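Spelled out from the first residue to the last, the chains are:
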Amino acid sequence: MTTIETPAPASDGLGVDQRLSLNQGTIKHADLATALRVTAEAGVRSIGLWREPVQEVGLATAASMLSDSGLRFSTHCRSGFFTMPEGPARRASIDDNLVAIDEAATLAAAGAPGSAAVLVLVAGGLPDGSRDLAGARERVRDAIGELAPHAAAAGVTLAIEPLHPMYATDRCVVSTLGQALDIAADFDPSVVGATVDTFHIFWDPDVYDSIERAGREGRIASYQVCDWKTPLPADVLLGRHYPGEGVIDLARLTRAVADTGYDGDVEVEIFNADVWASDPAEAVARTAATFAASVSPHLGR
């Protein structure tokens with residue numbers, strides 16, 4: 001029997017995969033300065049930022065801090081939340097999304113070479129009193145239609161992130177990668193793509209066909225990894241785990257994404273109270289170690 005060895009991924013002197021990006025949500029309670037520092041000190045070369053810590057210091061200051069860190073910028077999290085019917089709340093949401101697009105463009109320009117101007121969109125749940133999931137999804141399409149010209153002018157890709165169906169009513173009416181791609185199909189792939197997040201899509205029996213479609217259409221704007229295991233906590237939003245510590249077939253999913261030709265950064269995004277309570281530097285180190293063991297071998301070069 002012939003043994004085929006997987007090529008070792010590129011890494012730095014610390015053994016950290018250079019395609020690994022730390023999503024700032026993994027160390028949620030660290031301020032921006034701390035997040036940038038512990039990420040760089042761990043040898044991780046890329047970071048995905050969240051809007052709230054950026055806004056705490058101001059966009060110009062955040063961009064300067066990112067530039068000084070030497071890190072790449074992989075995504076801006078998050079915007080969206082525009083499933084409500086027309087009215088003041090929807091107008092306010094659209095306006096806030098326009099601001100988020102500008103933030104993503106500024107931060108991507110400030111990041112190290114290889115940074116990506118990607119804004120992650122979480123659609124939003126059902127409006128109060130509604131049971132109309134299909135109608136809410138159409139309002140997502142309409143909102144993206146309003147945002148797409150500004151995103152195109154700013155050079156930003158809007159990355160629709162499907163969330164696990166348990167979040168359909170309160171957080172995201174887009175539950176599958178296929179649904180995200182159907183919405184994105186109305187727009188240029190450079191302007192509207194999708195976020196492939198293993199936590200949210202691993203269960204889908206059509207996931208591998210959808211990943212192949214996303215690659216064929218050039219719509220994988222971001223690949224995010226973490227793991228799932230049960231029992232879920234009381235707050236199911238916090239049920240994410242380090243890669244390789246749960247039941248998700250990260251090997252097959254990662255190979256499927258890699259086979260599409262996706263060669264961008266791969267973010268680890270973990271929402272977990274125990275991870276958040278740990279020392280940020282320890283969390284980043286463990287992220288890098290678990291990524292190296294469970295994801296890196298399947299990325300290829």
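Just so you know, these numbers come straight off a predicted model, no measurement behind them. Along every chain, residues carry numbers that run from 1 in the direction the sequence is written. This being a predicted model, a pLDDT of at least 70 is required before a residue's local features are given, and a value of 80 or more before pairs of side-chain atoms are given or counted; all residues contribute to the totals for chains, interfaces and linings. The side-chain quantities take in all heavy atoms of the structure and omit both hydrogens and water.

Asks: Whenever I open this one, the sheet that holds strand E7 (residues 220-225) confuses me. Can you help?
Replies: Within a sheet, each strand pairs with its neighbour through backbone hydrogen bonds, oriented either parallel or antiparallel. For two strands to be treated as a pair, DSSP must find at least two bridges joining them. Helix and strand definitions here come from DSSP, where helices need a minimum of 4 consecutive H or I residues and strands a minimum of 2 consecutive E residues; each element is numbered from the N-terminal end. Taking strand neighbours around the barrel as the criterion, the eight strands line up as E1-E2-E3-E4-E5-E6-E7-E10 in a closed arrangement whose pairing is parallel. For this sheet the average axis-to-axis angle between neighbouring strands, irrespective of direction, equals 30°. Between two residues, a contact is recorded if the distance between any of their heavy atoms is within 4.5 Å. Lines fitted to C-alpha atoms define the axes here, with helix axes fitted over just the stretch in contact, and angles between the N-to-C directions of these axes take values from 0 to 180 degrees. Contacting strand E1 (20-23) and strand E2 (46-50), helix H1 (residues 32-41) crosses the sheet at an angle of about 165° to E2. Most of the contacts of helix H4 (residues 88-110) go to strand E3 (residues 72-80), to which it runs at about 180°, and overall it touches E2, E3, strand E4 (118-122) and strand E5 (157-160).

Asks: Explanation requested: the side chain of Thr254 in the structure shown.
Replies: Its location among the elements puts Thr254 in helix H9 (residues 250-259). In this structure, Thr254 is in contact with Tyr223, Val295, His298 and Leu299, ignoring residues within four places of it in sequence.

Asks: Help me out: how do you make sense of the packing of aromatic side chains in this one?
Replies: Here the distance between the centres and the angle between the planes together describe a pair of aromatic rings. Two rings belonging to Phe, Tyr or Trp (six-membered ring only in the last case) form a pair when the distance between their centres is within 6.5 Å. Interplanar angles under 30 degrees mark stacking, angles over 60 mark edge-to-face geometry, and anything in between is tilted. One pass over the full model with this rule turns up four aromatic pairs. Aromatic pair Phe202 and Trp228: ring centres 5.4 Å apart, planes at 55°, arrangement tilted. Taken as a pair, Phe202 in the loop between helix H7 (198-201) and helix H8 (207-216) and Trp228 in strand E8 (residues 227-228) lie far apart in primary sequence, 26 residues in all. Exposed residues in this analysis have more than 50% of their type's maximum accessible area, buried residues have under 20%, and partly exposed residues fall in between, with area computed by a 1.4 Å probe over protein chains only. Look at Phe202 and you get partly exposed, because its relative accessible area is 25%. Considering the side-chain rings of Phe271 and Trp276, the 6.1 Å spacing of their centres and the 55° angle between planes classify their relative orientation as tilted. A relative accessible area of 15% places Trp276 in the buried class. In textbook terms, an aromatic cluster arises when at least three aromatic residues are bridged by ring pairs, as seen for Trp50, Phe271 and Trp276. Look at NZ for Lys and CZ for Arg. If either is within 6 Å of the ring centre and within 35 degrees of the ring normal, a charge sits over the ring. Taking the ring centre of Trp276 as reference, the NZ or CZ of Lys28 above it sits at 5.5 Å. Note that Arg252 overlies the ring of Tyr208, its terminal NZ or CZ placed 3.8 Å from the centroid.

By themselves, these figures tell us nothing about what the structure is for.
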